[in-house]
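One letter stands for each residue in the lines below.
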Amino acid sequence: DAGVIQSPRHEVTEMGQEVTLRCKPISGHNSLFWYRQTMMRGLELLIYFNNNVPIDDSGMPEDRFSAKMPNASFSTLKIQPSEPRDSAVYFCASSLAGAFGEQYFGPGTRLTVT
Amino acid sequence: DQQVKQNSPSLSVQEGRISILNCDYTNSMFDYFLWYKKYPAEGPTFLISISSIKDKNEDGRFTVFLNKSAKHLSLHIVPSQPGDSAVYFCAASARGTYKYIFGTGTRLKVLA
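Below you will find a few notes about this structure. All chains use their own residue numbering, which begins from 1 and follows the written sequence. Each chain is given a letter, starting from A, and each ligand a number, starting from 1, according to the order in which they appear as written. It should be noted that, the model being predicted, local features are given only for residues of pLDDT at least 70 and side-chain atom pairs only at 80 or more, the latter also being counted only at that level, while totals for whole chains, interfaces and linings use all residues. Values reported for side chains reflect all heavy atoms of the structure, with hydrogen atoms and water molecules removed beforehand.

Numbering of helices and strands starts at the N terminus; helices are DSSP runs of H or I of at least 4 residues and strands are runs of E of at least 2. Examined against the element boundaries, Leu 45 of chain A turns out to sit in strand S5 (residues 42-50). Placed 15 residues apart in sequence, Leu 45 of chain A and Met 60 of chain A show a C-alpha to C-alpha distance of 8.1 Å. Contact between two residues is taken to exist if any of their heavy atoms lie within 4.5 Å; hydrogens are not considered. Dropping the residues within four chain positions of it, Leu 45 of chain A is found in contact with Phe 33, Trp 34, Tyr 35 and Gly 59 of chain A together with Tyr 98 and Lys 99 of chain B.

Written as structure tokens, this is what we have:
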């Protein structure tokens, strides 16, 4: 299995631009999570999907952030407009058997907003 | 407010010795705890977990201890190997929820 796939691996953009991060979960997994990692706050859960449906987006910092999961094999996290404080590493993770299944993380997307 | 705290941002240990990584939590509803390991430019990978009904779980060189009264858990690595050098994240979850609350991580360096 290829594991969780994320693209791009690195993204550098200017403040105000739209950024779209992509994730392909492990085939057969029914839960998908988006996390953000910063030095100050560690790994923060942004949003959780179960069977393609957003269950909890309370971790999404602002309306500038949005996430979709149009099908079981693809999800996007969009930031519009981006700001320098959004600079972080964004991870996607997937799991089987709901929330208590072990979460498998992708390699992350390092976002830099200048 | 950090519900899961890893107060040591870094730790250096000599190869062959024991590494002890600590984690404290504040939410008494947490009943499932995990440790994840992260190498540079990779995503975190699951290492070991423990349920609140146990106070110890062992897997090879890795042992996690849980002290519920102190709201404290620790990860012991014995013996430590250079390949163990990574960032270790502690995470906690409450029954009936799906959220893993992660700490900020501890960077372990095992010196050869």
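On to the sheet that holds strand S1 (residues 5-7) of chain A. All names here are of chain A. The strand order across the open sheet built from four strands is S1-S3-S8-S7, with neighbouring strands paired in antiparallel fashion. The open sheet is flanked by S1 and strand S7 (65-71), the only strands paired with a single partner. Direction aside, neighbouring strands of the sheet carry axes that sit 15° apart on average. Bridge count for S7 against strand S8 (residues 74-79) is five bridges, and the pairing is antiparallel. Bridge assignment links Asn 71 to a residue of S8, and that residue is Phe 74. Strand pairing requires that DSSP identify at least two bridges connecting the strands. Working convention: axes come from line fits to C-alpha atoms, limited for helices to the stretch in contact. Angles between N-to-C directions cover 0 to 180 degrees.

Take unusual backbone geometry next. Residues Gln 80 of chain A and Pro 81 of chain A are joined by a peptide bond in cis, for which omega reads -5°. Mapped onto the fold, Pro 81 of chain A is located in the loop between S8 and strand S9 (88-95). Of note, the amide linkage connecting Val 78 of chain B to Pro 79 of chain B takes the cis form, showing an omega dihedral of -10°. Following the sequence through the fold, Pro 79 of chain B ends up in the loop between strand S8 (72-77) and strand S9 (86-94). Here Asn 51 of chain A, not a glycine, exhibits a phi torsion of approximately 50°, which is positive. Inspection of the secondary structure puts Asn 51 of chain A in the loop between S5 and strand S6 (53-56). Judged by relative accessible area, Asn 51 of chain A falls into the partly exposed class, the value being 49%. The phi dihedral of Asn 52 of chain A falls on the positive side, at around 75°, and the residue is not glycine. Within the fold, Asn 52 of chain A resides in the loop between S5 and S6. Accessible area is worked out with a 1.4 Å probe on protein chains only. A residue is then buried under 20% of its type maximum, exposed over 50%, and partly exposed in between.

The next subject is the state of the cysteines. Residues and elements named next belong to chain A. Note on terminology: pairs of cysteine sulfur atoms within 2.5 Å are recorded as disulfides. The final tally for this structure, using the stated rule, is two disulfides over all chains. Between Cys 23 and Cys 92 runs a disulfide, and the two sulfur atoms are separated by 1.9 Å. Classification of the bridge connecting Cys 23 and Cys 92 rests on its S-S torsion, roughly -65°, and on that basis the disulfide is left-handed. With Cys 23 in strand S3 (residues 19-24) and Cys 92 in strand S9, the pair connects residues that are 69 residues apart, well separated along the chain. Accessibility classification places Cys 23 together with Cys 92 in one group, the buried group.

Further remarks concern the pairing of strand S5 (residues 45-51) of chain B. Relative to S5 of chain B, strand S4 (residues 30-38) of chain B is paired through six bridges, and the arrangement is antiparallel. When the bridges of S5 of chain B are listed, Trp 35 of chain B appears paired with Ile 48 of chain B.

On to the environment of Asp 31 of chain B, then. Residue and element names in this part refer to chain B. Relative to the helices and strands, Asp 31 resides in strand S4. In this structure the C-alpha to C-alpha distance between Asp 31 and Ile 53, which are 22 residues apart in sequence, comes to 8.0 Å. In this view, Asp 31 contacts Ile 50, Ser 51, Ser 52, Ser 93, Ala 94 and Arg 95; residues no more than four positions away in its chain are not counted.

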